[in-house]
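If you want the building blocks of each chain, they are given just below.
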Amino acid sequence: VALLEVLVKEINRHSVGANAGAAYTPQEVGVLEKAAAMVEEVQGLATPTTGVVRQTLNSMLTERIAEDARYQEDVAADANDPALSREIILDIFEEWYIMYNGPPDDGPI
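(A) The overall build of the protein chain, seen in detail. Helices and strands together make up the secondary structure of the protein chain, namely four helices and zero strands. The linear arrangement of helices and strands in the protein chain, starting from the amino end, is α-α-α-α. Per-residue burial for the protein chain yields a buried fraction of 8% across its 109 residues. At a minimum sequence separation of 6, the contacts of the protein chain that also span at least 24 residues come to 29%. In the form shown here, the protein chain has an accessible surface area of approximately 9,400 Å², with 60% of it arising from carbon and sulfur atoms.

(B) Structural view of a negative patch on the surface. Where like charges cluster on the molecular surface, the negative patch consists of E73, D74, D78 and D81. Within the secondary structure, D78 is located in helix α3 (residues 57–80).

(C) Structural context of the pattern of salt bridges. A complete count under the given rule lists one salt bridge for this structure. One salt bridge connects D68 with R64, and the closest N-O pair in it is separated by 3.4 Å. Remark: R64 and D68 occur in helix α3; sequence separation between them is four residues, near one turn of the helix. Residue classification places D68 among the partly exposed residues on the basis of a relative accessible area of 37%.

(D) Broad picture of the packing of aromatic side chains. Following the criterion strictly, the structure yields three aromatic pairs and no others. Judged by centre distance (6.1 Å) and plane angle (35 degrees), the ring pair of F93 and Y97 falls under tilted. Of this pair, F93 and Y97 are both found in helix α4 (residues 82–101), four residues apart, which corresponds to roughly one turn of the helix. A centroid spacing of 5.8 Å and a plane angle of 50 degrees characterise the contact between W96 and Y100, whose relative ring orientation is tilted. Here Y100 and W96 lie together in helix α4, a separation of four residues that amounts to about one turn.

(E) The arrangement of a nonpolar patch on the surface in detail. A cluster of nonpolar residues, L57, M60, L61 and I65, forms a patch on the protein surface that exposes about 410 Å² of accessible area. Mapped onto the elements, L61 comes out in helix α3. We classify L61 as partly exposed; its relative accessible area is 44%.

(F) Main features of the confidence of the model for the protein chain. The pLDDT averaged across the protein chain works out to 74; a share of 72% of its residues lies at or above 70. Per-residue pLDDT, averaged within each element of the protein chain, yields its smallest value for helix α1 (residues 2–15) (70) and its largest for α3 (84).

Scoring rules and cut-offs
Residues numbered from 1 in each chain as written. Predicted model: local features only at pLDDT ≥ 70, side-chain atom pairs only at ≥ 80, totals over all residues. Heavy atoms only, no water. Helix = DSSP H or I, 4+ residues; strand = E, 2+ residues; numbered from the N terminus. Buried < 20%, exposed > 50% of the residue type's maximum accessible area, 1.4 Å probe, protein only. Contact = heavy atoms within 4.5 Å. Areas by Shrake-Rupley, 256 points an atom, 1.4 Å probe, with all protein chains shown as cover. Patch = residues over 30% accessible without salt bridge, like charges linked within 9 Å, V, L, I, M, F, W, Y side chains within 5 Å. Salt bridge = Lys/Arg side-chain N within 4 Å of Asp/Glu carboxyl O. Lys, Arg positive; Asp, Glu negative; His and termini not counted. Charge placed at Lys NZ, Arg CZ, Asp CG, Glu CD. Phe/Tyr/Trp six-rings, centres within 6.5 Å; stacked < 30°, edge-to-face > 60°. pLDDT = per-residue confidence, 0-100.

This is the structure in structure tokens:
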């Protein structure tokens, strides 16, 4: 920020006054013009555009915690569903059976 302030002051000194730019070489003038363009670009990036919602770290963390809680509730609800629990148990058993005995001949159990 301090560097930007120094650049802005130097750019203003260069562009204001009766003999603006008289004490600068053409290379220095080019550097100052590029610096002025960069300062304007940085200042433009610093101002939020309309319609963009900026989130604080706390709000992002709160949102993430709520999302994790919803996920845990969904997992708990799925674990209490007897049909889903039976399906999961059968899938695990089939994987175990195939691992130790080869594929079942009759298809899924």
